[in-house]
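Given next are the chains, with one letter for each unit.
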Amino acid sequence: MLTKITPLLRIAPRIQQARMSHGVPAHWKTMRQICEENKNHMNFLPVPEGSWSQAYKAKNAKINLYLLSSALAFIATFGYLYKNGFMYLHSAPPMYNSKPQ
């Protein structure tokens, strides 16, 4: 029985190759066409404009202003709380004896 099936098993891959015709159908789109239709191709990425150094300096100045204002706010808040006694830094242990009872 195996001798009857063997010729069919040898022919099966050749038949499959003939059906596939070694390529995609003519109506299929390339990956580039699909990407351009969906606007996820590199052609749709934003293009940089202007000088990068000027933009970097402007952004850095803005960040430095935020840093300076937050440092001043921290110092002002800390000074107010410490001056009014809301904060005790525990710099040294108390230097007095407790009263006997």
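Reading guide: rules and limits
Per-chain numbering applies: the sequence of each chain, read as written, is numbered from 1 onward. A pLDDT threshold of at least 70 governs which residues receive local features in this predicted model, and a stricter bar of 80 or more applies before side-chain atom pairs are shown or counted, although totals over entire chains, interfaces and linings include all residues. Side-chain measures here rest on the full set of heavy atoms in the structure, leaving out hydrogens and waters. pLDDT runs from 0 to 100 and stands for how confident the predictor is about each residue. A run of H or I in DSSP counts as a helix once it spans at least four residues, and a run of E counts as a strand once it spans at least two, with each numbered from the N terminus. Here a salt bridge means any side-chain nitrogen of Lys or Arg lying within 4 Å of a carboxyl oxygen belonging to Asp or Glu. Burial status follows relative accessibility: with a 1.4 Å probe on protein chains alone, a residue under 20% of its type maximum counts as buried, one over 50% as exposed, and anything between as partly exposed. One fewer than the residue count of a helix, multiplied by 1.5 Å, yields its expected span. Aromatic contacts are taken between Phe, Tyr and Trp rings whose centres are within 6.5 Å, Trp giving its six-membered ring; a plane angle under 30 degrees counts as stacked, one over 60 as edge-to-face, and the others as tilted.

### Overview of the confidence of the model for the protein chain
- Mean pLDDT over the protein chain works out to 83, with 81% of the residues at or above the 70 mark.
- Taking the mean pLDDT of every element in the protein chain, the minimum, 67, falls on helix H1 (residues 2-20) and the maximum, 96, on helix H3 (residues 52-83).

### Some remarks on the pattern of salt bridges
- Applying the stated criterion across every chain, the model contains 2 salt bridges.
- Close ionic contact of Glu37 with Lys29 constitutes a salt bridge, the shortest N to O distance being 2.8 Å.
- We note a salt bridge from Glu36 to Arg32, for which the minimum N-O separation is 3.1 Å. Of this pair, Glu36 and Arg32 are both found in helix H2 (residues 31-37), 4 residues apart, which corresponds to roughly one turn of the helix.
- On the basis of relative accessible area, Glu36 is assigned to the partly exposed category, the value being 29%.

### Examining H3
- Between the first and last C-alpha of H3 there are 46 Å, a value that for 32 residues agrees with the 46 Å anticipated at 1.5 Å per step.
- Immediately downstream of H3, the backbone of Gly85 shows phi near 80°, a positive value.

### Focus: the packing of aromatic side chains
- Applying the stated criterion across every chain, the model contains 3 aromatic pairs.
- Arranged with centres 6.1 Å apart and planes meeting at 25°, the rings of Phe74 and Phe78 form a pair that is stacked. Taken together, the residues Phe74 and Phe78, both in helix H3 and 4 residues apart, mark about one turn of the helix.
- Exposure remark for Phe78: the relative accessible area of 34% places this residue in the partly exposed category.
- Taking 6.3 Å as the distance between ring centres and 5° as the angle between the ring planes, the aromatic pair formed by Phe78 and Tyr82 counts as stacked. Here Phe78 and its partner Tyr82 are both found in helix H3, 4 residues apart, which amounts to about one turn of the helix.
- For Tyr82, a relative accessible area of 47% corresponds to the partly exposed category.
- Three or more aromatic residues link up through ring pairs in this structure, and these residues are Phe74, Phe78 and Tyr82.

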